[in-house]
Amino acid sequence: MTQGEPGLMSVPDMSINADLTTSYESDVGAMQSDRSREDPAKLTVPSLYSRGYGLPPGGGILPPAVPSAEPSDAMGGLVESGVTLDLMGRGGKMTSVRRTFCLFVLFDLIMMFILWVIYTQLIGDTGYRAFEKQVLEFSFKTSLFDTVLMACFRFTFLLLGYALFRLRHWAVVATTTGLSSAFLIIKIFVYDFDGTGSSTNPLSYCLIIISFVLAWVETWFMDFKVLPQEKKMEQRMSQGTRRAYGSTGGRYDGRYQRITDDMQSVFTEDHPFYSPLGTPEGSDDEDELDHGDPRGRGVGSKENDYIRLAKHCYDILWTYIHSPESDWKLETGTNDEVGIVHSKKIKGVGKVFRTKGVIEMNARALFMDVSYNPEEMPRWNPTMKEARILQKIDDSIDVIYNVSAEVAGGVISSRDFINVRYMGERNGYFMGAAMTVNHPEMPPQKQYIRGVNGAGGFVFQPHPEDPENKCKFMWFMNTDIKGWFPQKLIDANMSKVGIDFLGFLRAHVKELQQGHTQGGTSRQPS
């Protein structure tokens, strides 16, 4: 299943986009650091399942339900190893967003100096004499060397505050911007534009304007990017020390279904993907999680990492299904029969969208067709350009690659996604859960921007009025297409994505039913 570009492209994958993290990589590392493991043999990708309503290879029984994973203490290793402090930028490595800010401050200084040097060569004097008049014979009314000094002032205090002392307050950047603005305003009234020939040398205007703009950009960057992101990371890491990645603490109802008020997963902006860890050479022990593979070989450590994440995603999807209805806010639509979209804000994850609709087809048959034929989806879903399986772990878990189609004539380019999927049945619900991972066979592609899918997926439930011929369909999605599009803009279009996909799915069902009516036979899995 794949995901495309929300609001702008349909995101028809069984996964959901949100940012996945280094925190989880460290989590898995902590759980496995004391284990030795055998270097996994790469599983080739056989053709998975053919189209039709047949069963997965190996029999007529769907993969068994996965028991809910309980929170672990694996995140505790993060605190002991100092990773938490590193992420917060206090002792150890600086966060990438803070490093970017420091580089921008350096750019401010270099930019102002270069513009000033060019300016000195265009004021009528040449060579050293131009610098001598601007620096040694400095005059507030006729020299712009003080704009360079002001850039030096910003550079010095901002790096002292945010690189050396790792301050987490806006006071320093507010002070430098305030003083720079006051200085430049005074400069405008005092500077002799006519006497210095500024009418023939527009760089005098540019120096003042650019200095003013850069100072305010630094304030915006620190106050709206660096500090909020680091605060979110700190909150997620602190919660991660009390429970495992993406675990859901909460209460249980009478059926022992996990219900939660805070389904926060541990994500960071720096590292949105999860990659299975490597295996130490010479390892003899097999990881305790052995899902088995179709060829009878034991599953290696990398595959076990995919299995853990797939099960985790499956449990989150189950939690979403049974989340209290009062938690969901109506986005568009009137009823389930036609199609309706709700959303729910989850702290640290963002908006999760839930699309619901009734499809006139057997729940199990539709689940099998959609879940086990991902390569066929681009044929009936115009917002998807490509879908293929990169690696099959077993009959219920695989890693899939998909590419969304361009939107608006290429204004929004294609995105690609890599997701680990888990497909199975639990208590009458046919579920296909997925979320973003990395895979060695598919590094980031130059022609595509790589999007991120958080935990979610497709759910098919037999309709109580006509379970044989109708089903209730749900799609939980949380998409980040990356690039320069603000997440708020993406969220605003997600409702249309869900309703559009319902239309494509219903059209596909009609096509299947017409094929059967006209004597077509469903193809069974090979």
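Residues numbered from 1 in each chain as written. Predicted model: local features only at pLDDT ≥ 70, side-chain atom pairs only at ≥ 80, totals over all residues. Heavy atoms only, no water.

Enquirer: Could you give an account of the packing of helix 6 (residues 145-164) against helix 7 (residues 171-190), with specific residues and numbers?
Expert: Between helix 6 and helix 7, the least distance of the axes is 9 Å, while the angle of their chain directions is 170 degrees. Between helix 6 and helix 7, the crossing angle belongs to the class labelled roughly antiparallel. In contact with D146, T147, M150, F153, R154, F157, L158 and Y162 of helix 6, helix 7 contributes A171, V172, V173, T176, L179, S180, F183, L184 and K187. Split into classes, the residues belonging to the contact of helix 6 with helix 7 amount to eleven nonpolar, three polar and three charged. (Axes fitted to C-alpha atoms, helices over the stretch in contact; angles between N-to-C directions. Helix = DSSP H or I, 4+ residues; strand = E, 2+ residues; numbered from the N terminus. Parallel < 35°, antiparallel > 145°, perpendicular 65-115°, else oblique. Contact = heavy atoms within 4.5 Å. Nonpolar A, V, L, I, M, F, W, Y, C, P; charged D, E, K, R; others polar.)

Enquirer: So what's going on with a nonpolar patch on the surface? Which residues, and what values?
Expert: Taken together, the side chains of L103, L106, I110, F113, I114, I118 and L122 define a hydrophobic patch exposed on the protein surface, amounting to about 650 Å² of accessible area. Its location among the elements puts L103 in helix 4 (residues 96-120). The exposure class assigned to L103 is exposed, which follows from its relative accessible area of 58%. (Patch = residues over 30% accessible without salt bridge, like charges linked within 9 Å, V, L, I, M, F, W, Y side chains within 5 Å. Areas by Shrake-Rupley, 256 points an atom, 1.4 Å probe, with all protein chains shown as cover. Salt bridge = Lys/Arg side-chain N within 4 Å of Asp/Glu carboxyl O. Buried < 20%, exposed > 50% of the residue type's maximum accessible area, 1.4 Å probe, protein only.)

Enquirer: If you had to explain the pairing of strand 6 (residues 384-392) to someone new, which residues and values would you point to?
Expert: In the sheet, strand 6 pairs with strand 7 (residues 397-404) via seven bridges, with the strands oriented antiparallel. Within strand 7, the position partnered with Q391 by the bridge is V399. Between strand 6 and strand 7, which pair antiparallel in sequence order, lie four residues. (Pairing = 2+ DSSP bridges.)

Enquirer: How would you explain the nonpolar core if you had to name every residue and give the values?
Expert: By size, the foremost hydrophobic cluster in this structure holds 35 residues, and its most contacted members are I321, V420, M431, V459 and F476. Looking at this core, the elements that each hand over two or more residues are helix 9 (301-321), strand 7, strand 8 (415-426), strand 9 (429-436) and strand 13 (471-477). When residues of this core are assigned to their parent elements, the largest contribution, eleven residues, is made by helix 9. Look past the residues within four positions of V459 in its chain and what remains in contact with it is L317, I321, Y429, F430, M431, K472, F473, M474 and F476. Within the second largest apolar cluster, 32 residues are counted, among which are F353, A387, M423 and L512. (Core = buried A, V, L, I, M, F, W, Y, C linked by side-chain atoms within 4.5 Å.)

Enquirer: Hey, could you go over the packing of helix 4 against helix 5 (residues 127-136) for me, with residue numbers and the actual values?
Expert: Contact geometry for helix 4 and helix 5: axes closest at 9 Å, N-to-C directions at 120 degrees. Looking at the two axes, helix 4 sits oblique to helix 5. For the pair helix 4 and helix 5, contact is made by W116, V117, Y119 and T120 and by A130, F131, Q134 and V135, respectively. Of the residues belonging to the contact of helix 4 with helix 5, the class tally is six nonpolar, two polar and no charged.

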